[in-house]
Amino acid sequence: MKAKLILPMILLNMLGGVGSGIMIYMSGGDPVWVGALLATLPLPFFLMVLTNVFSISRTSERLPVIQAVNFLGVALVAYSTYSNQAPMSLSQYVPIAAAALGFVSLHWYVWSFSVYNRRKSKAISKGQKLPEMNFNRLDKSAVSSTSFDESKTLLVFFRANWCPFCMNQLKEVKKYAETLKQYDVKVKFISNQGYDNSRKLADKLDLPGHFEILQDDNLMGAKALGIEDIDGSPAGMPGYPKDTVMATVIALNEDGTVIFGDETDNYRRRPDPTTFLHVFEGSKPQTLDANPTLKGTA
């Protein structure tokens, strides 16, 4: 249910921020409207601008800077309203309502929406093999997870193209394409978002040969692992299924046993590739450039 609220929350905050900006201009910089702007703008600005401009793959758990801006806005609205000695008109309640909306929305996003409350999967256990799963390539040919035993494999289960953190995570993994090739690792990006959406993603990412995108029809693979997110897609995403998957990264060695698993409980908290690439070496971690400029990567 909470996934259905995220787009209305973003749009209402955006509307509140734009309206507050207009009122700042019309009122000659009234602090109460400045506060309303600071209270409503952080959530849509963070999700729609920062994640795209800076390609953010992960954040702090509680977004303290974003929360601080929001708190400042709410405090400014409260102080300006309290300092106003004249009787309040109906219109003066509008910035208060906008600030309240911004406060509730941001804290709901941080403390509720971002959290899966997932249980650790019994199937993703270090040293054990995963259950057999059946996927489809983008040409709709079938592929079984048992075929992954032929080489080291990195599985990245992602939600869909609509998730900016997922898209940035996939781009980040691709930056290490040459390193993964040197380690003889095959990379599988897996979702249930549909063939057309995944083909668009494949064209956009221009993946090298040892990378591929797989379709998990009806989330059968995700359900086998216990990482499905039923009814987890936001409302207002036409062309995408309503069910999705919880972001998960799994590393397998040549015989298909798990050597690394990340089951984040916060969709904004994703593992940096430098924290797991070393498992494919079978030795101690090596120092990897966090912003590699490797041949064949983009």
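These numbers were taken from a predicted model, which means no experiment stands behind them. (Residues numbered from 1 in each chain as written. Predicted model: local features only at pLDDT ≥ 70, side-chain atom pairs only at ≥ 80, totals over all residues. Heavy atoms only, no water.)

1. Looking at the confidence of the model for the protein
Then step 1. With 94% of its residues at a pLDDT of 70 or more, the protein shows a mean pLDDT of 91.
Then step 2. Here residues 283–298 is a poorly scored stretch, pLDDT under 50, and it has 25 contacts once near neighbours within four places are set aside; other chains count. (pLDDT = per-residue confidence, 0-100. Contact = heavy atoms within 4.5 Å.)

2. Some thoughts on the packing of aromatic side chains
The relation between two aromatic rings is expressed through the spacing of the ring centres and the mutual angle of the planes.
Then step 1. Overall, the coordinates contain 12 aromatic pairs when judged by the stated rule.
Then step 2. With a centroid separation of 5.5 Å and an interplanar angle of 40 degrees, the aromatic rings of Trp108 and Phe113 are classed as tilted.
Then step 3. Seen in terms of ring centroids, Tyr109 and Tyr267 are 6.4 Å apart; in terms of plane orientation they differ by 90 degrees. Their pairing is edge-to-face. In this pair, Tyr109 is assigned in helix 5 (residues 93–113) and Tyr267 in the segment after strand 9 (258–262), connecting sequence segments 158 residues apart. An identical accessibility class is assigned to Tyr109 and Tyr267; each is buried. (Phe/Tyr/Trp six-rings, centres within 6.5 Å; stacked < 30°, edge-to-face > 60°. Helix = DSSP H or I, 4+ residues; strand = E, 2+ residues; numbered from the N terminus. Buried < 20%, exposed > 50% of the residue type's maximum accessible area, 1.4 Å probe, protein only.)

3. Structural notes on the pattern of salt bridges
Then step 1. One pass over the structure, following the stated rule, counts 9 salt bridges.
Then step 2. Here Glu61 ties to Arg62 by a salt bridge, and the two come within 3.3 Å at their closest N and O atoms.
Then step 3. Looking at Glu61, the relative accessible area reads 40%, which means it is partly exposed.
Then step 4. With a relative accessible area of 29%, Arg62 lands in the partly exposed category.
Then step 5. Each of the salt bridges in this network shares a partner with another, and the network as a whole consists of Arg58, Glu172 and Asp272. (Salt bridge = Lys/Arg side-chain N within 4 Å of Asp/Glu carboxyl O.)

4. Some details on the environment of Ser112
Then step 1. Inspection of the secondary structure puts Ser112 in helix 5.
Then step 2. Note on Ser112: relative accessible area 28%, which makes it partly exposed.
Then step 3. With 154 residues separating them along the chain, Ser112 and Asn266 place their C-alpha atoms 9.6 Å apart.
Then step 4. Among all residues touching Ser112, those that are not within four sequence positions of it are Lys2 and His107.

5. Let's talk about unusual backbone geometry
Then step 1. For Lys140, which is not glycine, the phi dihedral falls at a positive 75 degrees.
Then step 2. Locating Lys140 in the fold gives a position in the loop between strand 1 (134–136) and strand 2 (142–144).

6. Let's talk about the pairing of strand 4 (residues 185–191)
Then step 1. Counting buried positions along strand 4 gives 6 out of 7 residues, so the element sits mostly inside the fold.
Then step 2. With 6 bridges joining them, strand 3 (residues 152–157) and strand 4 adopt parallel strand pairing. Within the sheet, the bridge partner assigned to Thr153 lies in strand 4 and is Lys186.
Then step 3. Where strand 4 and strand 5 (residues 211–215) come together, 5 bridges link them in parallel fashion. (Pairing = 2+ DSSP bridges.)

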